[in-house]
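# Geometric and topological summary
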Amino acid sequence: MKSILHRLLLIVGFMPTAALADWQLNLTRGVTSISRNAYDLHMLVLWVCTIIGVVVFSVMFWSIFHHRKSRGAQAAHFHESTTVEVIWTLVPFLILVGLAVPATRALIHIEDAADADMSILITGYQWKWHYKYLEDDVEFFSKLDQDSNRARMLGSGEDPASVENYLLEVDNPVVIPVGKKVRFLTTANDVIHAWWVPALGFKRDAIPGFVNESWALVEEPGIYRGQCAELCGRDHGFMPIVVDARPPEAYAAWVAEFKAKRAAAALKQDPKRAWAREELVTHGAEVYAARCSDCHAADGSAVNGSAPSLAGGEVVLGAMDDLIDLVMFGTGEMHAFGGQLSDIDIAAVITFARNSFGNNAGDDLQPVKVAEFR
Amino acid sequence: MSHAAAHADHHEHHHGPAKGIGRWLYTTNHKDIGTMYMVFALIMFFIGGAMAMVIRAELFQPGLQLVDPQFFNSMTTMHALVMIFGAVMPAFVGLANWMVPVMIGAPDMALPRLNNWSFWIMPFAFLLLLSTLFLPGGAPAGGWTMYAPLVLQTGEAFPFLILAVHMMGISSVLGAINIIATIFNMRAPGLTYMKLPLFVWTWIITAFLLITSIPVLAGAVTMLLTDKYFGTSFFNAAGGGDPVMFQHIFWFFGHPEVYIMILPAFGIVSAIIPTFARKPLFGYESMVYATASIAFLSFIVWAHHMFTVGMPLAGELFFMYTTVLIAVPTGVKVFNWVATMWRGSMTFETPMLFALGFVVLFTIGGFSGLMLGVTPVDFQYHDTYFVVAHFHYVLVTGAVFSIMAATYYWLPKWTGHMYDERLGKLHFWSSVITVNILFFPQHFLGLAGMPRRIPDYAVQFTDFNMISSIGGFAFGLSQLLFLAVVIKCVRGGEKATDRVWEGAEGLEWTLPSPAPYHSFTTPPIVR
């Protein structure tokens, strides 16, 4: 739901950079004080290194050119000089002290997450992100968008260049207000992930059992993209992050809209009522496409043996109780979906799987039955 | 140094090498074992290189064309394990086996039977590791760093991985013990510590790093094993454990490990540059002290590999300061090499070319290392291609270039033949050009925001990835030249003199070329 203004901003602000980005050589300056500090420090150290490099390599290559036997050079015999050695130990040390001062200042600034205006709890899952706005009672999963997901499959035959923001687009971006200090709390549900948006200027690991703290005060509205930055398994390369920074009023409007939609959906979705099989299959197909197809493939045939095939599978057509248990609590490679999906979702996706891909169990699973397993 | 007794043992060939395969299986001869280490390392270099080719082929363009993401992750994991534990480390141990006894005037290593054993563990360790490629579920894919909890999701390959790492570790520790025992006890009369060639010095320090750090790795992987199979929760947060603790333990091994792979390289370059500059090494004593300082610092910088885990501010500051401090002794080394060249009388045979390539390109890797040490910016660089570029500059154009320099330098002494200088120079120039095409653009990719260890990427990263892949294929092909030079030199060639290089100094050059099967059975007197 992008406004016209928003679209304009996107075109004016991002088309030129998108075109130039192909040959981007340097770190982004970003849109926060943290990212600007990082950029300035990066340039400082880069220049220090460049100057030292030019001096040292000039001396070396001058020597290589002039002090060669083929030019009749006679070898000198000196092999030590305490003065020179003390100088070239002390000078680099002093340069390092000079670098450490701004670096320390920048680090203290980064680690000061106090007095935040709002907090978002970010939980990494294999392979998606969950965002929970602690003050605003908003929460949702965010994963790779369907266009990228289709195109990235091995042998998809689709040209990635034809997909807008290939691998850097999600279904639900994380919306934040500009001009507010937002605190990000990162944790994970399974393995370690890392939440990184370069324009915000930091990355922070999401670790099971730990809650890490970081913050950003974004100054300009815009869409800022990033990716998971810690190897987290097979689809590590496919869990992007999209931050949508909006003016505070637009942010408030987004929160209101989110809640209104959720309330409307809840009305239709009563887990207590009896659901028709067709209803469950239709809803289950949506859940399957969004949550299961990455590993089990759109047609249930499984991707390159990374997950069991669901077509005629013994487990999927086996005892219902075992199947519910497996989907909710996982085992080995199978992820636990109990915490991620509602009773309706689980009932629907199981019903769908037992009655699709050539499977024909002919039965259905009611949400109330799933509730018994919680 | 003098070499009064150098040729005294020339006629004492009462027994030479045994015949057939038995010579290699049962040998306790340091030269045979050194050769086996080197050949093993070369084979692993090509196996690990083939995996790198798969990686670069998949990354040639966006989209998945060739391999499944899980297999891609296996390739990055196995490439690192094979190159680190199979190629670079055994190559340095092989060089130590061959050269340390002849550099210190000893007849053999102090513990010859142990020496045989530490080599023969290696092929079996790698048989275990490489066999995982054929297991259901595939080879380990959690990264060579084996971070918990991800590595615990490994399937049947998991125990193979752990046991292989254990075996490599045992081999390395035994090798290190042997090297220390040899240098401490078997130096020629008069060869005091401050007269030792720098290669010997760097290996003393490396051996201590190995003995100190490898058992820590062994502890870490054992805890992984019990977490997986015996119900412990060392690294499982749900059981009261701590996933970050694994990273602390691993990098307490891991950072000394990266110096294990570079200190012997410093020793090699410190041998080669004086030879071809025809001028003694500048600042010998400060080189020794700088090496020792680097080794000491390597134990108190480990957490700079994990700045993003969320440490307290004081911890981040401590590790930032100690990390950038390493630049001081490393700088001293580079300055000393340049001062050694200064007003020398230089010639540029292949070993010298590789040594000079090392000095320039390793220094570039050092610069990016300094940048990575600055914590507030590391939060941007961490786990991107900038890091990949950094450690390939120090490991490929650093460690691997030094091993190649050493091979060209000592090959005439080993085989008795001069290698083909024209082919050697061709190998150097094709390597040095292509390796920069391969790794330099990766700095740009990292700065532009491309994470490492991903099989597919956003389209704006396409151009530099293509350039990098083309450089990668060309660098891979260039190494076939190296193989050709070595094989050609072993088979024959111009007869090498004893001294081989005009400016060469040290006991190894007092031996005939090829070095006899048993050398220095009577110790030389060093004055």
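Now for a description of the structure that goes with this document. (Residues numbered from 1 in each chain as written. Chains lettered and ligands numbered in written order. Predicted model: local features only at pLDDT ≥ 70, side-chain atom pairs only at ≥ 80, totals over all residues. Heavy atoms only, no water.)

### Looking at the overall build of chain B
- Across its full length, chain B holds 16 helices and zero strands.
- What you see for chain B is a C-alpha radius of gyration of 23 Å, in line with the 24 Å of a compact globule of 527 residues.
- Along the first, second and third principal axes, the C-alpha set of chain B runs to 70 × 50 × 45 Å.
- Scored against the burial criterion, the 527 residues of chain B give a buried share of 68%.
- When contacts within chain B are restricted to residue pairs at least 6 apart in sequence, long-range pairs at least 24 apart make up 82% of them.
- Split by element, the accessible area of chain B, about 16,400 Å² in all, is 72% carbon and sulfur.
- Averaging the locations of the 22 positively and 24 negatively charged side chains of chain B gives two centres separated by 11 Å. (Helix = DSSP H or I, 4+ residues; strand = E, 2+ residues; numbered from the N terminus. Rg over C-alpha atoms; globule rule 2.2 N^0.38 Å. Buried < 20%, exposed > 50% of the residue type's maximum accessible area, 1.4 Å probe, protein only. Contact = heavy atoms within 4.5 Å. Areas by Shrake-Rupley, 256 points an atom, 1.4 Å probe, with all protein chains shown as cover. Lys, Arg positive; Asp, Glu negative; His and termini not counted. Charge placed at Lys NZ, Arg CZ, Asp CG, Glu CD.)

### A closer look at the pairing of strand 6 (residues 193-197) of chain A
All names here are of chain A.
- Within strand 6, five of the five residues are buried, which leaves the element mostly enclosed by the surrounding structure.
- As paired elements, strand 6 and strand 7 (residues 202-206) share five bridges and run antiparallel to each other. What sits directly across from A194, in strand 7, is D205.
- The loop that links strand 6 with its antiparallel partner strand 7 comprises four residues; one of these, G201, has a positive phi angle of about 95°.
- The pairing of strand 6 with strand 9 (residues 222-228) spans two bridges and is antiparallel. Across the sheet, the residue bridging to W195 is C228, located in strand 9. (Pairing = 2+ DSSP bridges.)

### Things to note about the sheet that holds strand 2 (residues 128-133) of chain A
All names here are of chain A.
- On the basis of which strands lie adjacent, the open sheet formed by five strands has the order 3-2-1-5-8 and mixed pairing. The sheet is open, and its two borders are formed by strand 3 (138-142) and strand 8 (212-217), each paired with just one other strand. Averaged over all neighbouring strand pairs, the angle between strand axes comes to 20°, with direction disregarded.
- Pairing geometry for strand 5 (residues 181-188) and strand 8, over six bridges, is antiparallel. Within strand 8, the residue paired with T186 across the bridge is N212. (Axes fitted to C-alpha atoms, helices over the stretch in contact; angles between N-to-C directions.)

### Here's the deal with the interface of chain A and chain B
- Contacts between the two partners involve 92 residues from chain A, matched on the other side by 94 residues from chain B.
- Buried area between chain A and chain B, summed over both chains or domains, comes out near 8,000 Å², and the portion from carbon and sulfur atoms is 69%.
- When the area that chain A buries against chain B is broken down by residue, the three leading residues are A:F78, A:W88 and A:L231, summing to 9%.
- A salt bridge links B:D68 to A:R234; the nearest nitrogen and oxygen atoms lie 2.8 Å apart.
- At the level of elements, helix 2 (33-66), helix 3 (82-110), strand 7 and strand 9 of chain A are the ones that each hand at least two residues to the side of chain A that touches chain B.
- It is helix 2 of chain A that provides the largest number of residues to the side of chain A that touches chain B, a total of 17 residues.
- In terms of residue class, the side of chain A that touches chain B is built from 53 nonpolar, 24 polar and 15 charged. (Buried area = accessible area lost by both parts, 1.4 Å probe. Salt bridge = Lys/Arg side-chain N within 4 Å of Asp/Glu carboxyl O. Nonpolar A, V, L, I, M, F, W, Y, C, P; charged D, E, K, R; others polar.)

### Examining helix 8 (residues 263-277) of chain B
All names here are of chain B.
- An ideal rise of 1.5 Å per residue puts 21 Å on 15 residues; helix 8 measures up with 21 Å between its terminal C-alpha atoms.
- Most of helix 8 is tucked away, with 15 of its 15 residues classed as buried.
- Just downstream of helix 8, R278 is the residue with a positive phi angle, here 55°. (Expected span 1.5 Å × (residues − 1).)

### Considering the sheet that holds strand 6 of chain A
Residue and element names in this part refer to chain A.
- Strand order in the open sheet formed by five strands is 4-10-9-6-7, with mixed pairing between adjacent strands. On the outer flanks of this sheet lie strand 4 (174-177) and strand 7, each paired with one strand and no other. Sheet twist, expressed as the mean angle between neighbouring strand axes with direction ignored, is 25°.
- Along the sheet, helix 5 (residues 248-268) makes contact with strand 4 and strand 10 (240-246), crossing strand 4 at roughly 140°.

### Description of the packing of aromatic side chains
- Under the criterion given, the structure shown has 64 aromatic pairs over all chains.
- The lysine or arginine in question, A:K181, covers the ring of A:W215, its NZ or CZ lying 4.3 Å from the ring centre.
- The ring of A:F78 carries B:K279 above its face, with NZ or CZ at 3.8 Å from the centroid. (Phe/Tyr/Trp six-rings, centres within 6.5 Å; stacked < 30°, edge-to-face > 60°. Lys NZ or Arg CZ within 6 Å of the ring centre and 35° of its normal.)

The values are spatial; any link to function lies outside them.
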